[in-house]
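Inside the fold
Listed here are the chains, written in short residue letters.
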Amino acid sequence: MILGVLKGFGKQLLRVKVVDCSSEESRLCRCLNTFDLVALGVGSTLGAGVYVLAGAVARDNSGPAIVLSFLIAALASVLAGLCYAEFGARVPKTGSAYLYSYVTVGELWAFITGWNLILSYIIGTSSVARAWSATFDELIGKHIEVFCRRYMTINAPGILAEYPDIFAVFIIVTLTGLLAFGVKESAMVNKVFTCINVLVLLFVLVSGLVKGNVKNWQLDPEEILNRTRGNSSFNVTGAVPSDESLGAGGFMPFGITGVLSGAATCFYAFVGFDCIATTGEEVKNPQRAIPIGIVASLLICFVAYFGVSAALTMMMPYYLLDKNSPLPVAFTYVGWEGATYAVAVGSLCALSTSLLGSMFPLPRIIFAMARDGLLFAFLARVSKRKTPIISTAVAGAMSAVMAFLFDLKDLVDLMSIGTLLAYTLVAACVLVLRYQPEQPSMAYQMANVQEEADLTESLGMLPEAEECFSIRNMLFPSNTEPSTLSGFTVNICTSTLGVLVCVFCIVAVQGGFASWSLALLAILLLISLVFTLIIWRQPESKTKLSFKVPLLPFIPVASMFINIYLMMQLDRGTWLRFCIWMLLGFVIYFGYGIRNSTEATLTRCSTDSNLVRYKPACTLVGKPMEKAAFLLNGEASVDEDGEDDGEDDP
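Residues numbered from 1 in each chain as written. Predicted model: local features only at pLDDT ≥ 70, side-chain atom pairs only at ≥ 80, totals over all residues. Heavy atoms only, no water.

**Let's talk about the overall build of the protein chain**
The test is simple: Only DSSP runs of H or I covering at least 4 residues are called helices, and only runs of E covering at least 2 are called strands; the numbering of each starts at the N terminus. In this description, contact between two residues means that some pair of their heavy atoms is separated by no more than 4.5 Å. Computed with the Shrake-Rupley method and a 1.4 Å probe, the accessible areas treat only the protein chains shown as cover for residues.
Within the protein chain, the regular secondary structure consists of 27 helices and 2 strands. Across the protein chain, contacts joining residues at least 24 apart in sequence account for 81% of those joining residues at least 6 apart. Of the roughly 29,500 Å² of accessible surface on the protein chain, a fraction of 66% belongs to carbon and sulfur atoms.

Here is the structure:
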């Protein structure tokens, strides 16, 4: 009895969403093209990071080798981007990683992914709004900060910000109104700001080639210390550089460790391209536009990050770079003070597009979860202009409160956990779904409301006795098409790989280069490679898609490794705040979502029809749902024959 209850509860947690991808119907307005998606991806990704992050990482972590840090981070992002691109071609619906998890690994994992994406986008919107406000306030002489500190000081150190940021709230409210007005108008504003941002970065790149000096990539620490001990004015900041700040000098002053540490930080500069995947129901040709938009935006952002960081470290020695505003200080260093105004305009445009990139997908994730019944139903209402009006207003209100009260420095790492978890699940979903047997379209639509035994009886396509589990069938499958056995094998191997990757990353982070750690890592790596090879031996689906991840299963597995490793780099405080956020989410899911989801409603509908067979509660084209999907064509032909026979009889 208890086992039966636990089994039924487990089925509820792992039930998958059924999506009819052949349908073109959408409650949202299809008005975006490929260029709109590329601009959205570039705008949301190429934001504040290029104006701030490059200086901080080059000075503290990588030195001139920051170009290698951005290269490693870009490769990691491209691996995740390829997985998103395949799912965008396979499931062109609103929801991004949330929807991809729902159709593959089940409802609970989908809710976890969606709930973390909501947190990531809220924090992203709030932090960028405060950065926009601070940048603008810097240009006008910090009048906003002085006013707020004088009249609205908050005395809650370590919990709330020193003062509430009213201008950041005004920015979020304005953007919320723009998004509620229409997606087409929002996309136009985004394209304008993105183009200005790209032009400014091209100016920075050319300036670096003109005013830069390759000798700044070949600095000698001893020579610098000898020159600066008696002349502190040599440093723009007035501080003599220390041995620690100089490192070993040369192109890689902090060694390979510094490059990898910088890559972990630079990875977050590429976060944002996934907002493209939330536009599936607002794009004219999603199967083609979404993959192109993701890959193209990542390539453009990598070229920009690589070029700007190279120009920056050639214009100015890495140990002199300013952490907060490296580009204006660098132009002042080379004697081009007037260029700082161009950089200021570019930074405001970049912050504007980054803000839109964080705010744009947030209401669409809330809308998708509410439409599926996992969040409250009123959040799924759509306006006359076909925009998710209620979820947009709620998203704006939550972001405004966060920007108003919190400094967000301690919360920014939560963005990383949510995003990396989503990337990991998408990679796993691609791995699982590519090796699953194809179902007839009607069977796929009815999959969630059929009992497993009825499916086996109706389809007659599940494995027979001859397809039994064995080492030979696992390593040398006889089928050229995916079967239920091969799909089950991939499911088990992927789940085991996920556990092995987690253990591997924990040992790698905590154990360092100790002998026991290296030995254990070698064993775990060997076992992971065996499971990866087993997956590789299984037959792949032959379904034609506009884009497929190449080198399966190695790219998704590599993406899982990198994402989980970066998650393990975060501190305990971040994980604690993550657990608190997840606890709140589980209260909502187990208190509301698990009973009110559309899949739960379909399951209850199916159960009622089985209990009252003479009057089924659910019908499909006037026929009982049970077996209707698989017998529809056959019965139709019988009816036609019967009608013909009736006409011939006297």
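**Brief notes about the packing of helix H9 (residues 183-211) against helix H13 (residues 286-315)**
Let me state the cut-off plainly: Lines fitted to C-alpha atoms define the axes here, with helix axes fitted over just the stretch in contact, and angles between the N-to-C directions of these axes take values from 0 to 180 degrees. Should an angle fall under 35 degrees it is called roughly parallel, over 145 degrees roughly antiparallel, and 65 to 115 degrees roughly perpendicular, with every other angle called oblique. With the far helix as reference, a near helix turned anticlockwise by less than a right angle produces a left-handed crossing, and one turned clockwise produces a right-handed crossing. Note that Gly is not counted as nonpolar here; it falls among the polar residues with everything else outside the nonpolar set of Ala, Val, Leu, Ile, Met, Phe, Trp, Tyr, Cys and Pro and the charged set of Asp, Glu, Lys and Arg.
Two elements in contact, H9 and H13, have axes whose closest approach is 8 Å; the angle formed by their N-to-C orientations is 40°. Of the possible angle classes, the one that applies to H9 and H13 is oblique. The handedness of the crossing between H9 and H13 comes out as left-handed. Taken together, the residues of H13 that come into contact with H9 (itself represented by Leu201, Val204, Leu205, Gly208 and Leu209) are Ala304, Gly307, Val308, Ala311, Met314 and Met315. The class makeup of the residues in the contact of H9 with H13 is 9 nonpolar, 2 polar and no charged.

**Details of the packing of aromatic side chains**
Which entries qualify depends on this criterion: What counts as a ring pair is set by centres within 6.5 Å for rings of Phe, Tyr and Trp (its six-membered ring), and what kind of pair is set by the plane angle: stacked under 30 degrees, edge-to-face over 60, tilted for all other angles. Relative accessibility thresholds used throughout: buried, under 20% of the residue-type maximum; exposed, over 50%; partly exposed, between the two (1.4 Å probe, protein chains only). Both a distance and an angle decide whether a charge sits over a ring: NZ of Lys or CZ of Arg must be within 6 Å of the ring centre and within 35 degrees of the ring normal.
The final tally for this structure, using the stated rule, is 27 aromatic pairs. With a centroid separation of 5.9 Å and 90° between ring planes, the pair formed by Tyr318 and Tyr319 is classed as edge-to-face. The residues Tyr318 and Tyr319 share a single accessibility class, namely buried. Aromatic rings pair up to connect Phe111, Trp115, Trp581, Phe586, Tyr589 and Phe590 into one cluster. Positioned over the ring face of Phe360 is Arg364, at 3.9 Å from the centre of the ring.

**Quick word on the side chain of Arg364**
Heads up, the condition is: Polar contacts, as counted here, are pairs of nitrogen or oxygen atoms within 3.5 Å of one another; within protein the pair requires one atom able to donate a hydrogen and one able to accept it, and residues that are adjacent in sequence qualify only if both atoms are side-chain atoms.
Following the sequence through the fold, Arg364 ends up in helix H16 (residues 361-371). Given the relative accessible area of 1%, Arg364 is considered buried. Within the local environment of Arg364, its side chain forms a polar contact with the backbone oxygen of Phe360, the two atoms lying 3.0 Å apart.

**Re the environment of Gly512**
Inspection of the secondary structure puts Gly512 in the loop between helix H22 (484-511) and helix H23 (515-537). Ignoring anything within four residues of it in the chain, the contact list for Gly512 reads Val507, Ser517 and Leu518.

**Some points on the confidence of the model for the protein chain**
The condition that has to hold: Confidence of the predictor in every single residue is expressed as pLDDT, which spans 0 to 100.
Per-residue pLDDT for the protein chain averages 77, and the proportion of residues at 70 or more is 81%. Scored below 50 in pLDDT, residues 440-466 shows 44 contacts in the model against residues more than four places distant or in partner chains. Taken together, the stretch residues 613-650 has pLDDT below 50 and engages in 37 contacts with residues farther than four places along the chain or on a different chain.

**Some words on the packing of helix H4 (residues 66-90) against H13**
Where H4 meets H13, the axes come as close as 9 Å, and the angle between the chain directions of the two elements is 175°. Considering the angle they form, H4 stands roughly antiparallel to H13.

**Quick word on H22**
Where we set the bar: Helix span is expected to be 1.5 Å times the residue number reduced by one.
Between its terminal C-alpha atoms H22 stretches 40 Å, which fits the 40 Å expected from 28 residues at 1.5 Å a residue. Immediately beyond the C-terminal end of H22, within one or two residues, lies Gly512, with a positive phi of roughly 65°.

**Some details on the pattern of salt bridges**
Stated precisely, the cut-off is as follows: Salt bridges are defined as contacts in which a side-chain nitrogen from Lys or Arg sits within 4 Å of a carboxyl oxygen from Asp or Glu.
Scanning the model with the defined rule gives 4 salt bridges in all. Across the pair Asp36 and Lys191 runs a salt bridge, and its minimum N-O distance is 2.8 Å. With a gap of 155 residues between them, Asp36 in helix H2 (residues 34-45) and Lys191 in helix H9 connect regions that are remote in the sequence. Each member of the pair Asp36 and Lys191 is classed as buried. We note a salt bridge from Glu540 to Arg434, for which the minimum N-O separation is 2.8 Å. Residue Glu540 is located in the loop between H23 and helix H24 (554-568), and its partner Arg434 is located in helix H18 (residues 412-434); the two are separated by 106 residues in the primary sequence.

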